[in-house]
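Summary of structural features
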Amino acid sequence: MEAKEVEKIYRLANLSLDGKDVEDLSNKFNIVIDFIEDIFDVDTEDIIMTESIDSHKAVFREDEAKESSSRDDALKNAPDKEFGYFRLDWNL
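These numbers were taken from a predicted model, which means no experiment stands behind them. (Residues numbered from 1 in each chain as written. Predicted model: local features only at pLDDT ≥ 70, side-chain atom pairs only at ≥ 80, totals over all residues. Heavy atoms only, no water.)

1. As for helix H2 (residues 22–40)
- Taking 1.5 Å as the rise per residue, H2 with 19 residues should run 27 Å; its terminal C-alpha atoms sit 27 Å apart, in good agreement.
- Among all positions in H2, only Val 22, Leu 25 and Ser 26 are buried. Considered in projection along H2, the buried side chains sweep an arc of 100 degrees and stay on one side of the axis. Facing away from the buried side of H2 by over 90 degrees, the exposed positions are Ile 31 and Phe 35.
- Where the residues of H2 are buried, they touch helix H1 (3–12).
- At the N-terminal boundary of H2, the capping side chain belongs to Asp 21, with an oxygen 3.2 Å from the backbone nitrogen of Glu 23. (Helix = DSSP H or I, 4+ residues; strand = E, 2+ residues; numbered from the N terminus. Expected span 1.5 Å × (residues − 1). Buried < 20%, exposed > 50% of the residue type's maximum accessible area, 1.4 Å probe, protein only. Arc of directions from axis to C-beta. Contact = heavy atoms within 4.5 Å. Polar contact = N/O pair within 3.5 Å; in protein donor to acceptor, adjacent residues only side chain to side chain.)

What follows is the structure, given as structure tokens:
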């Protein structure tokens, strides 16, 4: 991952890069990505599955109608809004 991609991720997450070494962050991201790629290379052909979604019993709560937030409350901390909606910068 290049420094430019790290900057984009931070912008999309609305995080500040002030005081952070972008090259160091890029290297750390690359270490994680390399580790994940190594996991995909592990041969699991003869490994017995120990957990399965089929055997999982989900516990659901009953749906309960509740009053939603007002538009003003929902938008009060939005960094950018327009016409009563969240405004997103698609050019990031």
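2. Quick word on the nonpolar core
- Grouped together as the largest cluster of nonpolar side chains are five residues: Ala 3, Val 6, Tyr 10, Val 22 and Leu 25.
- Mapped onto this core, the elements with two or more residues apiece are H1 and H2.
- Ranked by residue count, the leading element in this core is H1, at three residues.
- Here Val 6 is in contact with Met 1, Val 22, Leu 25, Ser 26 and Phe 29, once residues within four sequence places are set aside. (Core = buried A, V, L, I, M, F, W, Y, C linked by side-chain atoms within 4.5 Å.)

3. Points about the pattern of salt bridges
- Applying the stated criterion to the full structure yields three salt bridges.
- With a shortest N-O distance of 3.4 Å, Lys 28 and Asp 24 are connected by a salt bridge. Of this pair, Lys 28 and Asp 24 both sit in helix H2, four residues apart, which is roughly one turn of that helix.
- On the accessibility criterion, Asp 24 (33% relative accessible area) is partly exposed.
- Put simply, Asp 80 and Arg 87 hold a salt bridge, and the shortest N to O gap is 2.9 Å.
- Of the residues examined, Asp 80 reaches a relative accessible area of 32% and is grouped as partly exposed.
- Assessed through its relative accessible area of 41%, Arg 87 is described here as partly exposed.
- Through salt bridges that share partners, Asp 80, Glu 82 and Arg 87 make up one connected network. (Salt bridge = Lys/Arg side-chain N within 4 Å of Asp/Glu carboxyl O.)

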